[in-house]
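Listed here are the chains, written in short residue letters.
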Amino acid sequence: MLKPSRIFLVGPMGAGKTTIGRQLAQSLGLEFDDTDQEIQKRTGVDIPTIFEYEGEEGFRRREMKAIAEMVEQDNLVLATGGGAVTQPENRRLLAARGYVIYLSCSPEQQYERTYKDKNRPLLDTDDPLQRLKELNQERDPQYREISDLVVSTEGRSAQAVVKEVVRHFENT
Ligand SMILES: Nc1ncnc2c1ncn2[C@@H]1O[C@H](COP(=O)(O)OP(=O)(O)OP(=O)(O)O)[C@@H](O)[C@H]1O
Ligand SMILES: O=C(O)C1=C[C@@H](O)[C@@H](O)[C@H](O)C1
Ligand SMILES: [Mg+2]
């Protein structure tokens with residue numbers, strides 16, 4: 001298939017949306033943006049601070065507003081936050097406005113990639129691995145519902161995943 005003019009990356013925390021998204025955009029000659037980064041830029045504070053003052057509900061409101069605007073930009077690879085798909089309106093917009101790639105991986109792999117990083121408030125619990133498992137159960141069907149392509153990042157370098165996606169657009 002022809003290279004889409006808008007690619008939206010969905011998937012759980014630590015799947016590699018931000019890391020792979022940046023490299024994929026460069027390989028395809030597209031711009032890169034990230035909803036989590038945009039929300040932090042707009043508020044001037046980090047994500048844990050938004051959760052602290054406004055709760056998850058306040059963060060989701062900001063995320064919905066950012067997504068509604070960002071999905072309209074052309075020539076873009078957009079990395080979304082891991083929980084963006086929990087909102088039906090976000091799922092509708094992402095599916096309607098661009099080509100959605102689900103970057104998947106196991107909770108164990110997510111844990112390995114995120115346990116040192118304190119920037120994810122939903123993992124600030126006694127048992128983050130269990131939390132990742134619960135979130136995955138709930139969200140995996142939501143990621144699948146809107147995805148055009150599912151790519152596993154389990155045990156693979158970001159570079160290898162980027163190569164696979166680029167080849168997909170060259171060969172189909
Ligand atoms: N394929 C990969 N192989 C090894 N490490 C990776 C890979 N992809 C990402 N990482 C590392 O895992 C961590 C999390 O990756 P990243 O921030 O890209 O995930 P994300 O999907 O954007 O998560 P979030 O939903 O929380 O924003 C980073 O430290 C990154 O360097
Ligand atoms: O999985 C989630 O709900 C989240 C993932 C991150 O990308 C951030 O959007 C935030 O930490 C919430
Ligand atoms: Mg990210």
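What counts and what doesn't
Residues numbered from 1 in each chain as written. Chains lettered and ligands numbered in written order. Predicted model: local features only at pLDDT ≥ 70, side-chain atom pairs only at ≥ 80, totals over all residues. Near = placed C-beta within 6 Å. Helix = DSSP H or I, 4+ residues; strand = E, 2+ residues; numbered from the N terminus. Nonpolar A, V, L, I, M, F, W, Y, C, P; charged D, E, K, R; others polar. Buried ≥ 20, exposed ≤ 12 C-beta atoms within 10 Å, placed from the backbone. Pairing = 2+ DSSP bridges. Axes fitted to C-alpha atoms, helices over the stretch in contact; angles between N-to-C directions. Parallel < 35°, antiparallel > 145°, perpendicular 65-115°, else oblique. Left-handed = near helix turned anticlockwise from the far one by under 90°. Contact = placed C-beta atoms within 7 Å. UniProt positions renumbered as here; feature names shortened; annotations may be inferred.

In this structure, what is going on with the site of ligand 1? I would like to understand it.
Taken together, 20 residues surround ligand 1, and among them Gly16, Lys17, Thr18, Thr19 and Arg113 come closest. Those elements giving two or more residues to the shell around ligand 1 turn out to be helix H1 (17-28), helix H5 (107-114) and helix H7 (158-171). With three residues, H1 is the largest single contributor of residues to the shell around ligand 1. For the shell around ligand 1, the class distribution of residues is five nonpolar, 10 polar and five charged.

Would you mind showing me how to read the pairing of strand S4 (residues 99-104) here?
The side chains of a regular strand alternate between both faces of the sheet. With five of six residues buried, S4 is to be regarded as a mostly interior element. Here S4 pairs with strand S5 (residues 149-152) via four bridges, running parallel. Within S5, the residue paired with Leu103 across the bridge is Val151.

How should I be thinking about the packing of H1 against H7 in this particular structure?
Relative orientation of the contacting elements H1 and H7 amounts to 45°, with a least axis distance of 9 Å. Classified by the interaxial angle, the pair formed by H1 and H7 is oblique. Considering how the two elements wind past one another, H1 and H7 form a crossing that is right-handed. On H7, the residues that touch Thr19, Ile20, Gln23, Leu24, Ser27 and Leu28 of H1 are Ala158, Gln159, Val161, Val162, Val165 and Val166. By residue class, the composition of the contact of H1 with H7 is eight nonpolar, four polar and no charged.

Could you clarify how one ought to interpret the UniProt feature "binding site: Mg(2+)" (unreviewed entry) in the chain in this entry?
Residues given the UniProt feature "binding site: Mg(2+)" (unreviewed entry) here are Thr18. Mapping Thr18 onto the fold places it in helix H1. Beyond its immediate chain neighbours, meaning those up to four positions away, Thr18 contacts Asp34 and Ala79.

Can you help me understand the sheet that holds strand S3 (residues 76-79) in this one?
Neighbouring strands of a sheet are bound in pairs by backbone hydrogen bonds; such pairs are parallel or else antiparallel. Spatially, S2-S3-S1-S4-S5 is the arrangement adopted by the five strands of the open sheet, whose pairing is parallel. The open sheet has two edge strands, strand S2 (31-34) and S5, and neither has a second partner. Recorded for the sheet is a direction-independent mean angle of 20° between the axes of neighbouring strands. One ladder, built from four bridges, connects S2 with S3; its direction is parallel. Following the sheet pairing, Asp33 is matched in S3 by Leu78. Contacting S2 and S3, helix H2 (residues 35-43) runs over the sheet at an angle of about 65° to S2.

Would you mind showing me how to read unusual backbone geometry here?
Peptide bonds are mostly trans, and most non-glycine residues show a negative phi. Although it is not a glycine, Asn75 sits at a positive phi angle of roughly 55°. Asn75 gets classed as partly exposed once you count the C-beta atoms within 10 Å, which come to 14.

Would you mind showing me how to read the UniProt feature "binding site: substrate" (unreviewed entry) in the chain here?
The UniProt record marks Asp36, Arg60, Gly82 and Arg139 with the feature "binding site: substrate" (unreviewed entry), using the residue numbering of this structure. With respect to the secondary-structure elements, Asp36 resides in helix H2. Residue contacts for Asp36: discarding those within four places in its chain leaves Ile47 and Gly81. Position of Gly82 relative to the elements: it lies in the loop between S3 and helix H4 (88-97). Judged by C-beta crowding, with 23 C-beta atoms within 10 Å, Gly82 ranks as buried. Discounting chain neighbours no more than four positions away, the residues touching Gly82 are Gly11, Pro12 and Met13.

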